Amino acid sequence: TIGAVAGSATFSGLAVRLSCGLVDPKAPLAPCYNLRFASSPGGLTTTSTPFVVLAGNVTEMTFLDQPVDTSVGAAAGRPSVRLVDVYGNPVVQGAICSDSVFTPLLKNEVTPLTAEESMSGNVAILGGTFKNGTDNEIVSFDGASINWEAPTCASAGNCNPPDIAGLTRVKMRATGRYLGRMADSQPFTVDVAQPANVRASSTTATHVTLTWNAPFHGPAPRAYRLRYGPVGEDIVADVQDIEATTLTIGPLPATRLYDFSLCSQSVLTPPDCSPFPPAAQKAAPVEPIASLEVYFVTRDEVGLRWDAPPAGPPPAAYKVTVAVGSGLETRALADVSQLNTTIPGLNSNNTYVFRVYSLSAAGAFYAPTSPSPPPVVPTPAPASVTLACPALPCTGDSLQVGWAVDTAAPNMPTGHKITAVQYSTSGVNNGSVIYTQESQVLVSAPQQIQLVSGLQRGIPLRIDVSAQSAVNPSYYAPSAVFTVVPTSP
């Protein structure tokens, strides 16, 4: 209730766009208010015609969601602008556009704009689309991105055009179409993006090699900057003006884990880092294992063995991974400390690839590379392998090998291959494969190997019986290995 003065009364604080009984802001407006007048002391009353309250003319534009610091070519957030009247009420009738004018600011300048300034094409916003006001009174510009035409620099600080050196902050300007209004955002930074996909691509017992990609959007940096030090300690090195996308660091102690921080050097103020969060990577020197062998295969498990790294301190443990077909690598089991392991629970319908990675002495980092033996297809192994002479006494140059077949196994082998290799007395292969024979007979009948040349009495002979996969006929599983020493009768 407001007392009338000279027959006039003003009511403030009435809600704009209020529709009586409706909550949908897009619904047609219905009258919401009426005024009731009462005389005192006579007690006479009267009521006005119902009415609705609308906003007045646009007197101001404001940025609600500000553009954010952005790298060249990246989206400048989702800036939004609102029109308001003299009372601060939102105005929904009108149009707003994003202006393709950016104003450069010195690093220490935060004062409002005094006039529009252009950067001679060095900074431009893509789009500039006019958008009508909406029922929620806020106009947003989606996908607005910024292109920076990188200056041509003869040397650091000697760039063309020279007037952009040191300018890294800009403002976005929006204008009201036909309204004669404009609004300026808060200053934000535009510069070259940071490197992508930073990773330790290889390591040795004393060195770490980092590899990365150029930014996924915008121009490639002219150079990169790497700072690193032990985890939790101060930076011990600062390498600037790196023009390649790979760098080997060392020698480093194998017992320390390092933090590596890589950034793109600013287009405008090199060798300073571009003002966005740098890429980080932890790594430590560690030698990969020397070799990896699949030494037996059955219908549902595989045996792996490997050699310890040839240099550096012994690894703290080993990580074993598996990839099914062309899929991603995953852990096959918990870390192991010995130089061999068995992987159970495999499916004979699948093909597997195994790798083993050394865990650094510093812990928390594995060597990024591993030898990779050929893909493995679980295959039922021959059982009850027997060796004998075709006739006694063993005076000839032949040997009989027999085996039984696991008839209960899925995906029965389509054949077997027998390979005999003779070794020198030192146990090293003398390079002579004595005999190789493929058998397509899936029975337990003995298969005869004719040792027709190179057989030497008293020297070990290695005999492999490999089963041919029914899923991949080109694959022979290393199923059983026997070593015998031919002797005189």
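Look a little higher up for the structure.
Overview of the structure.

The rules we used
- Residues numbered from 1 in each chain as written.
- Predicted model: local features only at pLDDT ≥ 70, side-chain atom pairs only at ≥ 80, totals over all residues.
- Heavy atoms only, no water.
- Pairing = 2+ DSSP bridges.
- Helix = DSSP H or I, 4+ residues; strand = E, 2+ residues; numbered from the N terminus.
- Polar contact = N/O pair within 3.5 Å; in protein donor to acceptor, adjacent residues only side chain to side chain.
- Contact = heavy atoms within 4.5 Å.
- 1 Å grid on protein atoms, 1.4 Å probe; cavity = no way out; pocket = protein on both sides within 12 Å on 5 of 7 lines; lining within 4 Å.
- Points joined across faces, edges and corners; volume = space filled by probe spheres on them.
- Nonpolar A, V, L, I, M, F, W, Y, C, P; charged D, E, K, R; others polar.
- Axes fitted to C-alpha atoms, helices over the stretch in contact; angles between N-to-C directions.
- Core = buried A, V, L, I, M, F, W, Y, C linked by side-chain atoms within 4.5 Å.
- Buried < 20%, exposed > 50% of the residue type's maximum accessible area, 1.4 Å probe, protein only.

Time to look at the pairing of strand β24 (residues 302–307). With six bridges joining them, strand β23 (residues 291–297) and β24 adopt antiparallel strand pairing. Its bridge partner being in β24, L292 is matched across the sheet by W306. Linking two consecutive strands that pair antiparallel, namely β23 and β24, is a turn of four residues. Summarising the sheet, β24 and strand β27 (residues 340–343) pair through four bridges and their orientation is antiparallel. Each residue of the ladder has a partner; that of L304, found in β27, is T341.

Turning to its location among the elements, T203 is positioned in strand β16 (residues 196–203). Among the polar contacts listed, one links the side chain of T203 to the backbone oxygen of V286, at a separation of 2.7 Å. Those residues in contact with T203, other than ones at most four positions away along the chain, are V208, A284, V286, P288, F365, A367 and P368.

A few words now on empty space enclosed by the protein. Under the counting rule described, the total for this entry stands at two cavities of 30 Å³ or more. In this structure, the largest cavity encloses a volume near 60 Å³. In terms of lining, the largest cavity is formed by 13 residues, of which the most central are P285, V286, E287, G312 and P313. Within the lining of the largest cavity, the residues separate by chemical class into ten nonpolar, two polar and one charged.

Here we take up the sheet that holds strand β17 (residues 208–213). Spatially, the three strands line up as an open sheet ordered β16-β17-β20, and their pairing is antiparallel. Taken across any chain shown, the strands that pair with only one partner, and hence form the sheet edges, are β16 and β20 (246–249). When the angles between neighbouring strand axes are averaged without regard to direction, this sheet yields 20°. Pairing of β16 with β17 involves five bridges; the strand directions are antiparallel. Looking across to β17, one finds that T203 is bridged to V208.

Time to look at unusual backbone geometry. Omega for the bond connecting G250 with P251 falls within 30 degrees of zero, at 0°, which places this linkage in the cis form. Relative to the helices and strands, P251 resides in the loop between β20 and β21 (258–264). Phi at N197 is positive, roughly 55°, even though this residue is not glycine. Of note, N197 is situated in strand β16. Positive phi is not limited to glycine here, since D241 has a value of about 55°. Mapped onto the elements, D241 comes out in strand β19 (residues 237–242).

Let us now look at the nonpolar core. Among the nonpolar cores identified, the biggest contains 22 residues, and L210, L226, Y228 and F260 are the most heavily contacted of them. Elements with a contribution of two residues or more to this core: β16, β17, β18 (224–230), β19, β21 and β22 (279–283). Beyond its immediate chain neighbours, meaning those up to four positions away, F260 contacts V208, L210, L226, R227, Y228, I249, L252, A279, A280, Q281 and A283. Counting residues in hydrophobic clusters, the runner-up holds 20 residues, among them I289, L304, Y318 and V376.

This brings us to the environment of E287. Here E287 lies in the loop between β22 and β23. Judged by relative accessible area, E287 falls into the buried class, the value being 19%. Here the alpha-carbon distance between E287 and P309, two residues 22 residues apart in the chain, equals 5.6 Å. Dropping the residues within four chain positions of it, E287 is found in contact with T204, A205, P309, P310, A311 and S358.

To continue, consider the sheet that holds β18. Spatially, four strands are ordered β19-β18-β21-β22 in an open sheet, and the strand pairing comes out antiparallel. Pairing within the sheet leaves two strands with one partner each, and these edge strands are β19 and β22. Neighbour to neighbour, the strand axes of the sheet diverge by 20° on average, direction disregarded. By the bridge criterion, four bridges tie β18 to β19 in an arrangement that is antiparallel. Looking across to β19, one finds that Y228 is bridged to A237.

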